[in-house]
Structure formats: C-alpha cells, structure tokens
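So the chains spell out like this:
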Amino acid sequence: PSKRSESGLEDRVYTSKDELLAESDFVVCTLPGTPATRHYFSSAEFASMKPGAVFISCGRGVCVDESALAAAISGGQDLFAALDVFEQEPLPADSPLWSLPSERLLITAHNADLTEDYFELGWKLFTRNMDRFRAGKALATPVDIDAGY
C-alpha cells in the first residue's frame, strides 16, 4: 500500500524484493557481510531490475555475486553499476568486471567514503568511544559478534 505524505512524496512499503527492484531507479547495497547476505544480489535480482537502473554497492562485497552482475551487463541488460567493495580486495586482475565497458560500470578502490572531513570525523568517533570505554559506558559503535557485524 502507498500513501502520500504531507510533503507530497509517496511512502510505500514493499513486501517483494522483485517488485521493489522492478520499480527502483537506484538500488544501494549497504548490507553487512554475513552468511545470510552472501550473494543477496545475484542473477535473479539483476534480472528483476528496471531498465536503466543504477546499482551501487558500498556495504560488503560478499553481498554481490560479481559473476552474475558481469553476466547481466555483458549480456546486454540496461544496467549501470558502481562498486566500491568486492568479494576479494583488491579486485583480482582476472575478474570479469574489468572487461565491462566503463559506461556501464564504475569501480572505486574501497574509498568512496573519503571526504574532506573523513579523518576528522573518524578521530572524533574514536575519542568519543575511548571516553565512553573509560567511563564504563557502551560504545557509540558497538559490534554484535553473534550478528556478524
């Protein structure tokens, strides 16, 4: 079901991944790398994407089946991908991704988050966590070992 918010934008809850992919202009994968998310985006998902869609992966590389993505693009699917993370880093020289046309694929070196204030923000977070640790408080950025991230 969908409804219009006061801003005029439409809010919609999707219960089908295929339907969501078929209607999305941009798909951004920020999933953690866990057994449950391995190859979460594979052949079926790329085939479900609407023509002209943009797929961006900046979470964990294991969530994307790179061979399936390469096959979709080399097979003529109207899809653009931007990848900042890979199953194996650095991306091996024999990866099929290297042979894809640059107008269909952007490859970055796991540094898409590098901004002018990157190091300043990182230092602030580190000192915040150190202060919380010393005070016996929970960290601002906890890791859940059982969840895998």
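Located above this text is the structure these notes cover.
Per chain, residue numbering runs from 1 following the sequence as it is written. Reporting in this predicted model follows two pLDDT cut-offs: at least 70 for local features of residues, and 80 or more for side-chain atom pairs to be given and counted; totals over whole chains, interfaces and linings ignore these cut-offs and use all residues. With hydrogens and water set aside, each side-chain value is computed from the structure's full complement of heavy atoms.

(A) Fine view of helix 3 (residues 66–74). For helix 3, the complete set of buried residues consists of Glu66, Ala68, Leu69, Ala70, Ala72 and Ile73. Contact partners of the buried residues in helix 3: helix 2 (43–48) and strand 5 (79–83). Polar contacts here mean pairs of N or O atoms no more than 3.5 Å apart (in protein, one a potential hydrogen donor and the other a potential acceptor; neighbouring residues in sequence count only if both atoms are side-chain atoms). Counting from the N terminus, the helices are DSSP H or I runs at least four residues long and the strands are E runs at least two residues long. Taking the backbone nitrogen of Ser67 as reference, a side-chain oxygen 3.2 Å away marks Asp65 as the first, capping residue of helix 3. Following helix 3 by one or two positions, Gly76 adopts a phi angle in the positive range, close to 100°. Buried, partly exposed and exposed residues are distinguished by accessible area as a fraction of the type maximum, computed with a 1.4 Å probe on protein chains only: under 20%, between the cut-offs, and over 50%, respectively. Here, two residues are considered to be in contact whenever any of their heavy atoms come within 4.5 Å of each other.

(B) Representation of unusual backbone geometry in the model. Here Glu89 and Pro90 are connected by a cis peptide whose omega angle stands at 0°. Here Pro90 shows up in the loop between strand 5 and strand 6 (105–107). Look at His39: it is not a glycine, yet its phi comes out positive at around 55°. With relative accessibility at 26%, the residue His39 sits in the partly exposed group. Non-glycine residue His110 carries a positive phi angle of around 50°. Following the sequence through the fold, His110 ends up in the loop between strand 6 and helix 4 (118–134).

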